[in-house]
Amino acid sequence: WRDLAMQFESLTRTERYTWFGTVPPMEDVTQQDLRLEGLFPFTFTIENKLYKSGIEVERSILEDDRLAIVVPRVRQLGQEAARHPGELIFNLFTDNPNAFDAVAFFADTRTIGRSANIDNSLTGTGTTVAQLQTDLASARAAMRKFQDDQGRAMNNVGNVIVVPAEREQPMYQALNANQGTITQPVVPATADGVTRQVGYMIIVNPFLSDVNNWFLLHTRGVLKPFIYQTRTPPALEGITSPNTESGVIRDRFVYSARARY
């Protein structure tokens, strides 16, 4: 998910982001004065939320835990804290909330300043290998023609394909250099769980509810599609002293992971 999101450190409860659009195009001023224009302003805010995960363990279990079964579960709280931001990012594909311009991320109708209509919610032809190849070509061409707020073609080239788990293998086959007879039965494993083929990065989104939906994104530029804003990094906390209410009265210790983002 870190390949899909820009990361910003937050200094307060809510951060305000202002994007001033793009500069005007070059024009011939040989016979006239330069016309100065203002920038198209876009402003949005992101509020940090508090997230926690916790477990409660009997003191006696810890005292008798000679096989160290409980301690790995405590460490797993840290793994959960590291995993959760990715779930939030991946769920944006299904939730499809509004972007900076108050229009859903993926929509049939969008104009930004002087741009022509931007339709980034296309209807595919199907889910076979051949159909995926056809639809990928259409999506790639459409993305190149999307215009900025000055009406210029941005010529962005899609390089990341986000697919549901059911489309991982067909998409790999669609990108296989041996177009036609596919002899590779299994997607090759990589250490980071990401498959890279023919200039594309394939990322599997296990939270996609529609197995027929897949997404093409452009991440090679300065900006990335989403924002991950962190206020307080994840940290493990615990009430592990016997001289506490939970330790004395309830004979239990508490462990938790806490973060704000």
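Below, the structure is looked at part by part. (Residues numbered from 1 in each chain as written. Predicted model: local features only at pLDDT ≥ 70, side-chain atom pairs only at ≥ 80, totals over all residues. Heavy atoms only, no water.)

1. Some details on the side chain of Arg59
When you line up the elements, Arg59 lands in helix α1 (residues 59–63). Take Arg59: its relative accessible area is 18%, and that puts it in the buried class. With residues up to four places along the chain from it excluded, the contact list for Arg59 reads Pro242, Gly247, Asp251, Arg252 and Phe253. (Helix = DSSP H or I, 4+ residues; strand = E, 2+ residues; numbered from the N terminus. Buried < 20%, exposed > 50% of the residue type's maximum accessible area, 1.4 Å probe, protein only. Contact = heavy atoms within 4.5 Å.)

2. Remarks on the environment of Tyr172
With respect to the helices, strands and loops of the structure, Tyr172 is situated in helix α4 (residues 168–175). Expressed as a C-alpha distance, the spacing of Tyr172 and Ile202, which sit 30 residues apart in the sequence, is 7.9 Å.

3. Considering the packing of aromatic side chains
Inspection of every chain in the model, using the stated rule, returns twelve aromatic pairs. Judged by centre distance (4.9 Å) and plane angle (65°), the rings of Phe93 and Phe215 are edge-to-face. Remark: Phe215 occurs in strand β8 (residues 215–217) and Phe93 occurs in helix α2 (residues 70–95); sequence separation between them is 122 residues. We classify Phe93 as buried; its relative accessible area is 4%. What makes Phe215 buried here is its relative accessible area of 10%. (Phe/Tyr/Trp six-rings, centres within 6.5 Å; stacked < 30°, edge-to-face > 60°.)

4. A look at the sheet that holds strand β4 (residues 50–58)
Pairing within the open sheet is antiparallel, and its three strands lie in the order β4-β11-β10. Only two strands of the sheet have a single partner each, and these edge strands are β4 and β10 (232–239). Pairwise comparison of adjacent strand axes, ignoring direction, gives a mean angle of 10° for this sheet. In this sheet, strand β11 (residues 252–260) lies alongside β4 in antiparallel orientation, the contact comprising nine bridges. Paired with Tyr51 across the two strands is Ala259, which belongs to β11. (Pairing = 2+ DSSP bridges. Axes fitted to C-alpha atoms, helices over the stretch in contact; angles between N-to-C directions.)

5. Structural notes on the side chain of Asn48
In this fold, Asn48 is placed in the loop between β3 (42–47) and β4. Owing to a relative accessible area of 4%, Asn48 belongs among the buried residues under this scheme. Not counting residues within four places of it along the chain, the set of residues in contact with Asn48 comprises Ser10, Thr12, Arg13, Gln229, Thr230, Arg231 and Tyr261.

6. With respect to the pattern of salt bridges
Considering all chains together, one arrives at ten salt bridges under this definition. The closest approach of N and O atoms between Asp101 and Arg110, which form a salt bridge, is 2.6 Å. One exposure class covers both Asp101 and Arg110, and it is buried. Through salt bridges with shared partners, one network takes in Glu56, Glu58 and Arg252. (Salt bridge = Lys/Arg side-chain N within 4 Å of Asp/Glu carboxyl O.)

7. A look at a nonpolar patch on the surface
Taken together, the side chains of Phe20, Val23 and Leu39 define a hydrophobic patch exposed on the protein surface, amounting to about 290 Å² of accessible area. Turning to its location among the elements, Phe20 is positioned in the loop between β2 (14–19) and β3. (Patch = residues over 30% accessible without salt bridge, like charges linked within 9 Å, V, L, I, M, F, W, Y side chains within 5 Å. Areas by Shrake-Rupley, 256 points an atom, 1.4 Å probe, with all protein chains shown as cover.)

8. Some points on unusual backbone geometry
Even without being a glycine, Asn96 presents a positive backbone phi close to 50°. By the secondary structure assignment, Asn96 is in the loop between α2 and α3 (129–145). The backbone phi angle of Asn155 is positive, close to 55°, even though this residue is not glycine. By the element assignment, Asn155 lies in the loop between α3 and β5 (160–163).

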